[in-house]
Amino acid sequence: MTTKMTTRLPSLSPTKIVTYLACDHKYKWTYVDSRGKWFIRSKSYFSFGTSLHSVLQKLHDQNDVSVVNAEDAVNALESNWVTEGYASADEMAEAQARGKEILLEYVDREVTRQKESRTLFVEKTLVWKYPNFVLRGRIDRIEEYPDGSLEIIDYKSGRETVLEEEVHNDLAMAIYQLLLQKAYPDRDVRCTIIALKSGHNATSKLTDDEMADFAFQIELLGNEIIGTDFDLRRPSPKPLCERCDFLSLCKKEPDFAENFRHYQDQQTGIEED
Ligand code: SF4
């Protein structure tokens, strides 16, 4: 009797790909080399976003009746509040008060708005298998319109405004559009970002030609990422380093500490000619 062996393909998400594009070493410390995990610090803005997202998920989930009005939303924020990353109790209380304001305004807008769509999914994970990796994305909300078209909704908890071109050029939104289009090839798919602080939103979509090119480029990029031997790469100083969790780790790599010192001197203009 033979046993069939299946190998699991590596998985890539918008967050992983954006991290790699920002800095390959940041990708290495976050996803490849386990030493990195000891250096990752909780961030208050992630906690804030996660707290708001969990309430909005309940609000829009047709099968969850625990949040249907503003009072429910505020109570849900308190019970789903993520505490990590805040510098003090005062900072956290201020953030929670701001979160409640955002939710009150959001629910008010949602209640008064004439909605022609219906919510199809909340927090929906979609995947698409390429030959060498799996592309994976978790979409905040998907709306379906009477004409069959689909709208991807993405909440940005830290933003006041959003422009159409920002939606159009956003890598995560393009990946979501690609994944949803693969799942529903005969539907029209568009993407909307909602800036939660103000309620501003903007919508865009990639054309068929742009989507075909993006699908090709993302496969190339995915193959590059999973084919990279990160041990052969050397970190290079960049603006991101100043506030990076992994700076002390990178400083242990050959030459980086000295290169980083030169880089900082250049930035402050004290390097000698
Ligand atoms: S310190 Fe700089 S080079 Fe090192 S992981 Fe962070 S951003 Fe990348």
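Residues numbered from 1 in each chain as written. Predicted model: local features only at pLDDT ≥ 70, side-chain atom pairs only at ≥ 80, totals over all residues. Heavy atoms only, no water.

Comments concerning the pairing of strand S2 (residues 118-129)
Inference 1: Both S2 and strand S3 (residues 134-144) contribute to a ladder of ten bridges, which runs antiparallel. Among the inter-strand pairings, Thr119 is bridged to a residue of S3, identified as Glu143. (Pairing = 2+ DSSP bridges. Helix = DSSP H or I, 4+ residues; strand = E, 2+ residues; numbered from the N terminus.)

Structural notes on the pairing of S3
On any regular strand, side chains alternate: one points to one face of the sheet, the next to the other face.
Inference 1: Extensive coverage of S3 is indicated by the burial of nine of its eleven residues.
Inference 2: Both strand S1 (residues 11-12) and S3 contribute to a ladder of two bridges, which runs parallel. Along S3, the bridge assignment pairs Ser11 with Val134.
Inference 3: Connecting the antiparallel pair S2 and S3 is a turn made up of four residues.
Inference 4: Examined bridge by bridge, S3 and strand S4 (residues 150-156) share four bridges and lie antiparallel to one another. Paired with Glu143 across the bridge in S4 is Glu151.
Inference 5: Taking the residues between adjacent antiparallel strands as the criterion, S3 and S4 are bridged by five residues, where Gly148 takes a positive phi near 90°. (Buried < 20%, exposed > 50% of the residue type's maximum accessible area, 1.4 Å probe, protein only.)

Details of the domain arrangement of the chain
Inference 1: Along its sequence, the chain is carved into domain 1 (11-24 + 116-233), domain 2 (41-114) and domain 3 (236-273).
Inference 2: Averaged C-alpha coordinates put domain 1 and domain 3 at centres separated by 33 Å. (Domains from an automatic or database assignment.)

A few points about the packing of aromatic side chains
Inference 1: Inspection of the entire model under this criterion finds eleven aromatic pairs.
Inference 2: Residues Tyr27 and Tyr31 carry aromatic rings whose centres are separated by 5.1 Å and whose planes lie at 55° to one another, so their mutual orientation is tilted. Of the two residues, Tyr27 and Tyr31 are both situated in helix H2 (residues 24-32); the distance of four residues between them amounts to about one turn of the helix.
Inference 3: Ring geometry for Phe48 versus Trp81: centroids 6.3 Å apart, planes at 80°, classification edge-to-face. A residue pair is termed long-range when its members are at least 10 positions apart, and Phe48 in helix H3 (residues 44-60) and Trp81 in the loop between helix H4 (70-79) and helix H5 (89-112) qualify at 33 residues. Residues Phe48 and Trp81 agree in their burial class; the two are buried.
Inference 4: The side chain of Lys28 reaches across the aromatic face of Trp29, ending 4.6 Å from its centre. (Phe/Tyr/Trp six-rings, centres within 6.5 Å; stacked < 30°, edge-to-face > 60°. Lys NZ or Arg CZ within 6 Å of the ring centre and 35° of its normal.)

Regarding the environment of Arg187
Inference 1: Relative to the assigned elements, Arg187 resides in the loop between helix H7 (171-183) and strand S5 (189-195).
Inference 2: On the accessibility criterion, Arg187 (23% relative accessible area) is partly exposed.
Inference 3: C-alpha separation for the pair Arg187 and Val111, spaced 76 residues apart in sequence, amounts to 28 Å.
Inference 4: Residue contacts for Arg187: discarding those within four places in its chain leaves Glu144, Gly148, Leu150 and Gln181. (Contact = heavy atoms within 4.5 Å.)

Notes on the site of the ligand
Inference 1: Around the ligand, a shell composed of 13 residues is seen, among which Cys23, Lys26, Cys241, Cys244 and Cys250 lie nearest.
Inference 2: For the shell around the ligand, the element with the highest residue contribution is H2, accounting for three residues.
Inference 3: Broken down by class, the residue content of the shell around the ligand amounts to nine nonpolar, two polar and two charged. (Near = heavy atom within 4 Å. Nonpolar A, V, L, I, M, F, W, Y, C, P; charged D, E, K, R; others polar.)

Quick word on the pattern of salt bridges
Inference 1: Considering all chains together, one arrives at 19 salt bridges under this definition.
Inference 2: Its salt-bridge partner being Glu253, residue Lys28 comes within 3.6 Å of it at the nearest N-O pair. Here Lys28, found in helix H2, pairs with Glu253, found in the loop between helix H9 (247-250) and helix H10 (256-268); they are 225 residues apart in sequence, far enough to count as distant.
Inference 3: Owing to a relative accessible area of 3%, Lys28 belongs among the buried residues under this scheme.
Inference 4: Under the relative-accessibility criterion, Glu253 is labelled buried at 11%. (Salt bridge = Lys/Arg side-chain N within 4 Å of Asp/Glu carboxyl O.)

Digging into the packing of H7 against helix H8 (residues 208-227)
Inference 1: Contact geometry for H7 and H8: axes closest at 11 Å, N-to-C directions at 105°. Considering the angle they form, H7 stands roughly perpendicular to H8. In contact with Leu171, Ala174, Ile175, Gln177 and Leu178 of H7, H8 contributes Met211, Phe214, Ala215 and Ile218.
Inference 2: For the contact of H7 with H8, the class distribution of residues is eight nonpolar, one polar and no charged. (Axes fitted to C-alpha atoms, helices over the stretch in contact; angles between N-to-C directions. Parallel < 35°, antiparallel > 145°, perpendicular 65-115°, else oblique.)

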